[in-house]
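Examination of the molecular architecture
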Amino acid sequence: MPVSRRQCANAIRALAIDAIEKAHSGHPGAPLGMADMAEALWRHGFRHNPADPAWFNRDRFVLSNGHASMLLYSLLHLTGYALSAEDLAQFRQWGSLTPGHPEYGHTPGVDITTGPLGSGIASAVGMALAERLLATRFNRPGHTIVDHRTYVFLGDGCLMEGLSHEACSLAGVWKLGKLIALYDSNGISIDGKVTGWFTEDVAARFKAYGWQVIGPVDGHDCDALDQAIAAARGDEDRPSLIICNTHIGFGSGLEDSEKSHGAPLGAEMAAAAKAALGWEAEPFVIPEDIAKAWDAREEGARLEQTWQDALVAYRQAYPELWEEFTRRLDGTLPAQTDQILADFVKKAQEAQEKVATRVASKNVLSVLVPALPELIGGSADLSGSVGTKTASSTILDPAVYEGNYICYGVREFGMGCIMNGLAVHGGFIPYAGTFMVFSDYAKHAIRLASLMHLRVIWVLTHDSYAVGEDGPTHQPIEHLNMLRSLPNCDLWRPCDSEECAAAWQAALGRHNPTCLSLSRQGLPFVAKPAQADIARGGYVVRDCDGTPDIILLGTGSEVSLCLGAADVLAAAGTRVRVVSMPCCTVFDAQDADYREAVLPSAVRTRLAVEASWPDYWRRYVGLDGDVLGIDHFGASAPGSVLAGEFGFTVDAVVARARALLA
């Protein structure tokens, strides 16, 4: 007798129960409720190859409600990925491949890190956008090498998050027909039935976005699910939302109860649930006939081989396009990139112009964008202010899917997660800009990019009190240190065009996020010694004869202040070294000898100067040093007035230095 589809779905349920019970921790309600949805998708037309989780032309799967991780781990195990029963048994344990929420780059088959609700669906928009843009760029008649869908499972909580509004609205504008979301509409969240706080008409909302809305359908009826998924696949002009009415904790004694959301069922109730589902196998054991019904390895190998054969034919027909395609997927830069930046630096050194670093960044982009087709820029409605749009930037046109620049509208968080989706998909290096103070809105997207080691670049301008008249709501104070505190994220605060080029070069060369902190106001070009190595994050920009009496450290707009103060101090006989430290994390990663050469331990009199919260710099100046920073909010006045009021003048730096030397 053939295995029934409900038996296949119950395999997911049984594994989820087993793992969560063994861990004494987890979220059983969603895996139990979504198992039939998962069976309908993963066993009927989901294109993937368990033997090659990174196969480019696979369909992507995003579990936006990532707390249902045992649903995904069960699917990966059942279909044949390198995720064993023992791995499932180590759910949520130290060093296991099955952490509490899915982690990209950690578990084979996980396409993106999820958990924070809403981020998954938002990033999926970026993944679907990447597919559509690459298909337009590279597919040719008779040669389709980019053709896959992005599927998302999401729940009530994802749709409550404002982030989902930001991203799903854009998905409708962009007509992302290969984006298909299955909404687990069970009416329950942690606090109970959602009727007290979530009563909006979700179908009407998504129709207003321009989505195809299917259902509600019975999320436990395999035929209804098949028909809904087929209808979604049949409309490639609109993204699709399939509303699936389900029962959280399906089959358990806690069905339709919030109590099934985030805690194990307990041994007695778990056993009763498995009995009610007709599941008799031992924990973590899948009967042979059910295992065979799930195994996707043979079909996956066939799908990938067919694509590889098509790629060979494509290479023969379009060798130049094939070369660009494979280079972009590999993440390598065009060979001329370093020379382009070297030429830019040479011109900047010759011109020695006073320029805002936001303008310097735009000037760098003006030479990079036409040379790097993988760059895709954008802004949250601030293109003219942040300098992310260049003469070579073409705004995305969803009518033809051409363009290398995205107008995200006022959607910083959505912009960040869409950038993450573009990056994790492959083929693009996304960059986008906003005012630094608004990085608060996007911080979680930057954090997720850091967690996933994604090459995304944030252009954060108006980076200090020098914003001026707009006042304290627009003047960042704590933001530099907040961004520096993110593991895997580099923050560069360049002082001029030359450092700006070095910052862009560093950002392009690493597979981690980078934030550029850029000034609104013009900054003078800084002459540097021939041996200055900006790429090392910190270097001596001006030195003295003999051992320094004091070291002045600065970044960005404060480097010129330190140099001006050094002139005054040196004229009075003080030996001064000035260090520019545009990227602290890069400097900290240098070898001990280099760090000692720049900041010799014997020179304990040090003054750091930066228009931000001062505490970060204590690590460099020590107990005998001092920091000239800003430990309060700003004010509304011209930037030059604020500089005097807040103590960011040459005279103020000199006074602080002399107090240290006294």
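Residues numbered from 1 in each chain as written. Predicted model: local features only at pLDDT ≥ 70, side-chain atom pairs only at ≥ 80, totals over all residues. Heavy atoms only, no water.

1. Section: the UniProt feature "site: Important for catalytic activity" (unreviewed entry) in the protein chain
Rules: UniProt positions are given in the numbering used here, feature names are shortened, and annotations may be inferred rather than shown by experiment. Strands are runs of DSSP state E lasting at least 2 residues, helices are runs of H or I lasting at least 4, and numbering of each runs from the N terminus. The rule is simple: take the accessible area with a 1.4 Å probe, protein chains only, and divide by the maximum for that residue type; under 20% is buried, over 50% is exposed, in between is partly exposed.
Sequence positions flagged by UniProt for "site: Important for catalytic activity" (unreviewed entry) are, in local numbering, His 27 and His 261. Taken together, the annotated residues stretch across 235 residues yet fold into one region, lying no more than 5.3 Å apart by C-alpha. Mapped onto the secondary structure, His 27 falls in the loop between helix 1 (5–23) and helix 2 (29–42). Taking the relative accessible area as the measure of exposure, His 27 reaches 14% and is therefore buried. Looking at the secondary structure, you find His 261 in the loop between strand 7 (240–245) and helix 10 (267–276). His 261 gets classed as buried once you look at its relative accessible area, which sits at 16%.

2. Focus: the environment of Asp 256
Where we set the bar: In what follows, a contact means two residues having at least one pair of non-hydrogen atoms within 4.5 Å.
For Asp 256, the location among the structural elements is in the loop between strand 7 and helix 10. In the structure, Asp 256 is positioned 70 residues away from Asn 186 in sequence and 7.5 Å away in space, judged by C-alpha atoms. The residues touching Asp 256, leaving out its near neighbours within four places in the chain, are Ile 188, His 247 and Ile 248.

3. Some details on helix 10
Note the cut-off: Think of it as the arc spanned by the lines of direction from the helix axis to the C-beta atoms.
Those residues of helix 10 lying buried are Ala 270, Ala 273 and Lys 274. Here the buried residues of helix 10 occupy an arc of 95° about the axis, which is enough to place them on one side. Across from the buried face of helix 10, at angles greater than 90 degrees, the exposed residues are Glu 268, Ala 275 and Ala 276. On its buried face, helix 10 sits against helix 1. Positive backbone phi, approximately 75°, marks Gly 278, located one or two places after helix 10.

4. A closer look at the side chain of Asp 36
Defined as follows: Polar contact criterion, stated in full: a pair of N or O atoms within 3.5 Å, where within protein one must be able to donate a hydrogen and the other to accept it, and residues adjacent in sequence count only if both atoms are side-chain atoms.
Looking at the secondary structure, you find Asp 36 in helix 2. Owing to a relative accessible area of 6%, Asp 36 belongs among the buried residues under this scheme. A polar contact of 3.2 Å, which involves the side chain of Asp 36, links it to the side chain of Arg 6. Separated by 2.6 Å, the side chains of Asp 36 and Arg 13 make a polar contact.

5. With respect to unusual backbone geometry
Each neighbour pair has its own omega, and for Gly 215 with Pro 216 the value is 15°, a cis peptide bond. Mapped onto the fold, Pro 216 is located in strand 6 (residues 212–218). With phi around 65°, Arg 92 is a residue other than glycine that occupies positive phi space. With respect to the helices, strands and loops of the structure, Arg 92 is situated in the loop between helix 4 (85–89) and helix 5 (119–138). On the basis of relative accessibility, which here comes to 29%, the residue Arg 92 falls in the partly exposed class. The backbone of Asp 381 sits at a positive phi, close to 70°, despite the residue not being glycine.

6. Digging into the packing of helix 1 against helix 2
Selection rule: Angles run from 0 to 180 degrees between N-to-C directions of axes, and those axes are lines fitted to C-alpha atoms, restricted for helices to the stretch in contact. Any angle between 65 and 115 degrees counts as roughly perpendicular, while under 35 counts as roughly parallel, over 145 as roughly antiparallel, and the rest as oblique. Take the far helix as the reference: if the near one is turned anticlockwise from it by less than a right angle, the crossing is left-handed, and if turned clockwise, right-handed.
The N-to-C vectors of helix 1 and helix 2 enclose an angle of 140°; their axes lie 8 Å apart at closest approach. Taken together, helix 1 and helix 2 sit at an angle that is classed as oblique. Crossing of helix 1 over helix 2 shows right-handed handedness. Of the residues in helix 2, those in contact with Arg 5, Arg 6, Cys 8, Ala 9, Ile 12, Arg 13, Ala 16 and Ile 17 of helix 1 are Pro 31, Leu 32, Ala 35, Asp 36, Ala 38, Glu 39 and Ala 40.

7. Here's the deal with the nonpolar core
For the record, the criterion: The term nonpolar core refers to a set of buried residues drawn from Ala, Val, Leu, Ile, Met, Phe, Trp, Tyr and Cys, joined through side-chain atoms within 4.5 Å.
Judged by nonpolar contacts, the single largest core of 81 residues is most densely connected at Trp 174, Trp 211 and Tyr 408. At 12 residues, helix 5 tops the list of elements feeding residues into this core. Not counting the four nearest positions on each side in its chain, Trp 211 is found in contact with Ile 121, Cys 168, Ala 171, Gly 172, Leu 179, Ala 181, Phe 206, Arg 238, Pro 239, Ser 240 and Leu 241. Core analysis: the second largest hydrophobic core is formed by 79 residues, Val 369, Val 526, Ala 611 and Phe 648 among them.

8. Thoughts on the layout of surface pockets
If you roll a probe as big as a water molecule over the atoms, it shows you where there is empty space left. Convention followed: Cavity and pocket criteria rest on a 1 Å grid covering protein atoms alone: a 1.4 Å probe that fits but cannot get out defines a cavity, protein on both sides within 12 Å along at least 5 of 7 lines defines an open pocket, and an atom within 4 Å of a point defines a lining residue. Grid points are joined across faces, edges and corners, and a volume is the space filled by probe spheres set on the points.
Taken as a whole, the largest pocket encloses approximately 630 Å³ of empty space. Elements with a minimum of two residues in the lining of the largest pocket: helix 12 (297–317), helix 13 (319–330) and helix 17 (412–425).

9. Brief notes about empty space enclosed by the protein
So the rule is basically this: Each residue is assigned to one class: nonpolar for Ala, Val, Leu, Ile, Met, Phe, Trp, Tyr, Cys and Pro, charged for Asp, Glu, Lys and Arg, and polar for all the others, Gly among them.
One pass over the full model with this rule turns up 2 cavities of 30 Å³ or more. Of the voids in this model, the largest cavity is the one considered here, and its volume is about 50 Å³. As for the largest cavity, its lining consists of Trp 42, Phe 46, His 48, Pro 53, Arg 58, Asp 59, Phe 61, Tyr 81, Gly 109 and Asp 111. Partitioned by chemical class, the residues of the lining of the largest cavity number 5 nonpolar, 2 polar and 3 charged. In this structure, the second largest cavity encloses a volume near 30 Å³. Residue lining of the second largest cavity: Ala 128, Glu 131, Arg 132, Lys 175, Leu 176, Gly 177, Lys 178 and Leu 179, and that is the complete set. For the lining of the second largest cavity, the element with the highest residue contribution is helix 5, accounting for 3 residues. Its residues assigned to classes, the lining of the second largest cavity comprises 3 nonpolar, 1 polar and 4 charged.

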